[in-house]
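Below are the chains, spelled out letter by letter.
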Amino acid sequence: GECFHTLRGHHAEIVCLGVHPQSTHIATGSIDTTAKIWDAETGDELSTLVGHDGEVVSLHFNATGDTVLTGSFDCTSALWDVRSGK
């Protein structure tokens, strides 16, 4: 297959990703303690989710795709609003 975009922006390895169930958004989680939301059609970074003190090792969009749940090695989970990035 053809590579459409290479998503660059994390400062360390990406260890998890999720696909929005109803749009072209992708979420990635990284050892750099952040998660990012991307537009798969353009390759643009839409937002960076900052708040964990440890690596983000799991993430999942909810059924409607307006919320992302992240899990981190800092022993916390966080719910994020996809539109605002908060």
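The structure this text deals with has already been given above.
Residues numbered from 1 in each chain as written. Predicted model: local features only at pLDDT ≥ 70, side-chain atom pairs only at ≥ 80, totals over all residues. Heavy atoms only, no water.

Section: the environment of His-5
Okay, step 1: Within the secondary structure layout, His-5 lies in the segment before β1 (14–19).
Okay, step 2: Judged by its relative accessible area of 33%, His-5 falls in the partly exposed class.
Okay, step 3: Taking the C-alpha atoms as reference points, His-5 and Asp-44, 39 residues apart in sequence, are found 9.1 Å from one another.
Okay, step 4: Setting aside residues up to four positions removed in sequence, His-5 forms contacts with Ala-40, Glu-41, Thr-42 and Gly-43.
Okay, step 5: Within the local environment of His-5, its side chain forms a polar contact with the backbone oxygen of Glu-41, the two atoms lying 2.8 Å apart. (Helix = DSSP H or I, 4+ residues; strand = E, 2+ residues; numbered from the N terminus. Buried < 20%, exposed > 50% of the residue type's maximum accessible area, 1.4 Å probe, protein only. Contact = heavy atoms within 4.5 Å. Polar contact = N/O pair within 3.5 Å; in protein donor to acceptor, adjacent residues only side chain to side chain.)

Considerations on the pairing of strand β6 (residues 67–72)
Okay, step 1: Relative to β6, strand β5 (residues 56–61) is paired through 5 bridges, and the arrangement is antiparallel. Residue pairing in the sheet places His-60 in a bridge with Leu-69 of β6.
Okay, step 2: Once β5 ends, the chain turns through 5 residues before running back antiparallel as β6, passing Gly-65 with a positive phi of about 80 degrees.
Okay, step 3: The antiparallel hairpin formed by β6 and strand β7 (residues 77–81) contains 4 residues in its connecting segment, where Cys-75 sits at a positive phi of about 70 degrees. (Pairing = 2+ DSSP bridges.)

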